[in-house]
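Residues per chain, in single letters:
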Amino acid sequence: MANIPDELKYSAEHEWVAGDPLVGATVTVGITEHAAEALGDIVYAEPPTVGDTVTAGEVCGELESTKAVSELYSPVTGKVTEVNAALESAPESINADPYGDGWIFKVEVTATPKSLIGPEAYSALTD
Amino acid sequence: MTTLRSPLHDEHVALNATLVDFAGWQMPVRYSGDIAEHLAVRSAAGLFDLSHMGELSVRGADAADFLDYALVGRVSAVKLWGAKYTMLCNEAGGVIDDLVIYRRDWDHFFIVANASNKDRVVTELRARLGSFEATVDDISHQIALIAVQGPRSAQITASMCKLGADDIEAMKYYSGANVLLEGGIHAFAARTGYTGEDGFELFVAADQARAVWRLALERGTALGMIPAGLSSRDTLRLEAGMPLYGQELGEQTTPFEAGLGRIIAFGTDENPRGDFVGREALAAVKAQGVARQLVGLVGLGRRSARTGYGVTDAAGNQVGVVTSGAPSPTLGQPIAMAYVPVAMSEPGTVLGIDVRGRREEMTVTALPFYKREK
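Residues numbered from 1 in each chain as written. Chains lettered and ligands numbered in written order. Predicted model: local features only at pLDDT ≥ 70, side-chain atom pairs only at ≥ 80, totals over all residues.

### So, the overall build of chain B
Item 1. Looking only at helices and strands, one finds nine helices and 21 strands in chain B.
Item 2. Taken over the C-alpha trace, chain B has a radius of gyration of 21 Å; the compact-globule value for 374 residues is 21 Å, and the two agree within 12%.
Item 3. In terms of overall dimensions, chain B has C-alpha extents of about 65 × 50 × 45 Å along its principal axes.
Item 4. Taken over 374 residues, chain B has a buried fraction of 49%.
Item 5. Once local pairs closer than 6 in sequence are excluded, the contacts in chain B between residues at least 24 apart make up 65%. (Helix = DSSP H or I, 4+ residues; strand = E, 2+ residues; numbered from the N terminus. Rg over C-alpha atoms; globule rule 2.2 N^0.38 Å. Buried ≥ 20, exposed ≤ 12 C-beta atoms within 10 Å, placed from the backbone. Contact = placed C-beta atoms within 7 Å.)

Put into structure tokens, the structure is as follows:
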């Protein structure tokens, strides 16, 4: 059973959001352990670029494993303020530590997200 | 349709494998991780459950002559206990399935077919029986197939034998023998596989599969062997340049296009061969040449080509299609196989791949991408 931390919010596309996604706040985004396990060993991450505008529910990058490639969706709307540069040389952190070293990008939120769900609802989604 | 389960299903669940539906079967796609499993097979050994594969038994006084007529290879020339990679083609020369056949006796052949094609292979073979004195039996559900693949596979497989260990060590690639495993379990052991490494495939009765799986883990774990799933099997065979039915091979493809014309035996003046299904069409392809060719591609970037992606020329026009592609765990670069026009199939040719709307460049490379040291 994949780990689903209580303190995070989730999207139906298997991203997590750390921090309260209020307008003006900056939140951290990654993919869930469930998603990382499904994808297999990630060998290449292409996050959005700092300064990009991302929109909740829309594609903003991609993740590639030996087995498959998966699009990366933004769970929130806003402006990208930082990307995890360590993923360039160590994309496997997304598998090893999806909620820690495997974070992918940070966003300054510009619109209140409407479709984020809590850990219990996300857990039900992955059953 | 009901999803079939391997006789090893409970072992996979106990090992916390990720299971996927594959050709109507629920099979392990990975246990610990795709790359770790891939590299274990290259450096030590991996243990695979291939019980989804189809097994057929062809017997009878005319079994060899019948298979000579039904398949593109000259099966009658296979020595006792020998194995041969061959194909079942249609009249137009298209590939219905690729097969490995094993000669278990002069009048007894054992055929391994792809899971997704097995029923079709049985139907086609029976339709080709005509007046040959032979029978075609589907014994898939009685048989489990467990493969030990990797440079330490001979040592591990020999250590599993109560009787026959010497035969394992002495066995040539693409041949087999009956052995008696520890616990008194009968197995047909063949030095064959689909990973580009040395390896053994153990055909055992389905109800003894769990005992054999556990025996293999007991003997192999200390030598670095780990269970390996279908995901690593796919990257291993891709590195080895081995075609996969449904991707590189299909009814619209001839063996020549796939670079496997050598497996078709037309016979020679000194050693003529009789008719076989697809002969006329395949002879015409041989005489005229092919329009497209399967090639290997290596990318310098990091984004991989995947099955179905378009291959483009310098102007951006689609000229071909990718059949398989992945980041190669051994090479650390994206590799792929694709069908392209013959004029673009020379090694060194740079081709574009439409990777989800963005062009990536890959270079045509001779297959295989990886060859083991012998």
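### Considerations on the interface of chain A and chain B
Item 1. Chain A puts ten residues into the contact, and the matching count from chain B is 14 residues.
Item 2. Contributions of two or more residues to the side of chain A that touches chain B are made by β4 (42-46) and β6 (59-65) of chain A.
Item 3. Residue composition of the side of chain A that touches chain B, grouped by class: three nonpolar, three polar and four charged. (Nonpolar A, V, L, I, M, F, W, Y, C, P; charged D, E, K, R; others polar.)

### Examining the pairing of strand β18 (residues 318-327) of chain B
All names here are of chain B.
Item 1. Burial runs high along β18: seven of the ten residues are buried.
Item 2. By the bridge criterion, three bridges tie strand β17 (residues 310-312) to β18 in an arrangement that is antiparallel. Across the sheet, the residue bridging to Gly 310 is Val 321, located in β18.
Item 3. Between β17 and β18, which follow one another and run antiparallel, lie five residues, and Gly 316 among them has a positive phi close to 90°.
Item 4. Direction of pairing for β18 relative to strand β19 (residues 334-341): antiparallel, over a ladder of six bridges. Residue Ser 324 lies in a different strand from β19, and its bridge partner there is Met 337.
Item 5. Connecting β18 to the antiparallel partner β19 that follows it, the hairpin turn spans six residues, and Gly 332 within it adopts a positive phi of roughly 75°. (Pairing = 2+ DSSP bridges.)

### What to know about the sheet that holds strand β1 (residues 4-5) of chain B
Residues and elements named next belong to chain B.
Item 1. Judged by pairing direction, the sheet is mixed, and its three strands sit side by side in the order β1-β3-β2 without closing on themselves. Of all strands in the sheet, those with a lone pairing partner are β1 and β2 (18-22), marking the two edges.
Item 2. The sheet contacts of helix α8 (residues 230-239) involve β2 and β3 (25-30), and relative to β3 the element is tilted by about 70°. (Axes fitted to C-alpha atoms, helices over the stretch in contact; angles between N-to-C directions.)

### As for the nonpolar core
Item 1. One finds Leu67(B), Ile146(B) and Val212(B) to be the most contacted residues of the largest nonpolar core, which totals 100 residues.
Item 2. There are two domains that each give this core at least three residues, and those are domain 1 (4-50 + 142-239) and domain 2 (291-374) of chain B.
Item 3. Once you skip the residues sitting within four places of it in the chain, Leu67(B) turns out to touch Val58(B), Val75(B), Ile101(B) and Phe109(B).
Item 4. In this structure, Leu39(A), Val54(A), Val109(A) and Tyr122(A) belong to the second largest nonpolar core, which totals 31 residues. (Core = buried A, V, L, I, M, F, W, Y, C linked by C-beta atoms within 7 Å. Domains from an automatic or database assignment.)

### What to know about helix α7 (residues 209-220) of chain B
All names here are of chain B.
Item 1. Helix length check: α7, at twelve residues, gives a terminal C-alpha distance of 16 Å against a target of 16 Å (1.5 Å per residue), a fit within 8%.
Item 2. Taken residue by residue, α7 has Ala 209, Val 212, Trp 213, Leu 215, Ala 216 and Gly 220 as its buried positions. The buried residues of α7 occupy an angular sector of 165° when the element is viewed end-on, so they sit on one face. (Expected span 1.5 Å × (residues − 1). Arc of directions from axis to C-beta.)

### Comments concerning the pairing of strand β21 (residues 358-365) of chain B
All names here are of chain B.
Item 1. Across four bridges, the pairing between strand β16 (residues 292-299) and β21 is antiparallel. Across the sheet, the residue bridging to Leu 297 is Val 364, located in β21.
Item 2. In this structure, strand β20 (residues 350-355) lies alongside β21, joined through six bridges in antiparallel fashion. Bridge pairing in β21 links Val 355 to Arg 358.
Item 3. Taking the residues that link successive antiparallel strands as the turn, the β20-β21 hairpin has two residues, and the phi of Arg 356 there is positive, at about 50°.

### Quick notes on the domain arrangement of chain B
All names here are of chain B.
Item 1. As assigned here, chain B comprises domain 1 (4-50 + 142-239) and domain 2 (291-374).
Item 2. Taken over C-alpha atoms, the centre of domain 1 sits 30 Å from the centre of domain 2.
Item 3. Counting residues per element, the ones that place at least two in the side of domain 1 that touches domain 2 are α2 (34-43) and α8.
Item 4. If one sorts the elements of the side of domain 1 that touches domain 2 by residue count, α2 sits on top with four residues.
Item 5. Classifying every residue of the side of domain 1 that touches domain 2 by side-chain character gives three nonpolar, three polar and three charged.

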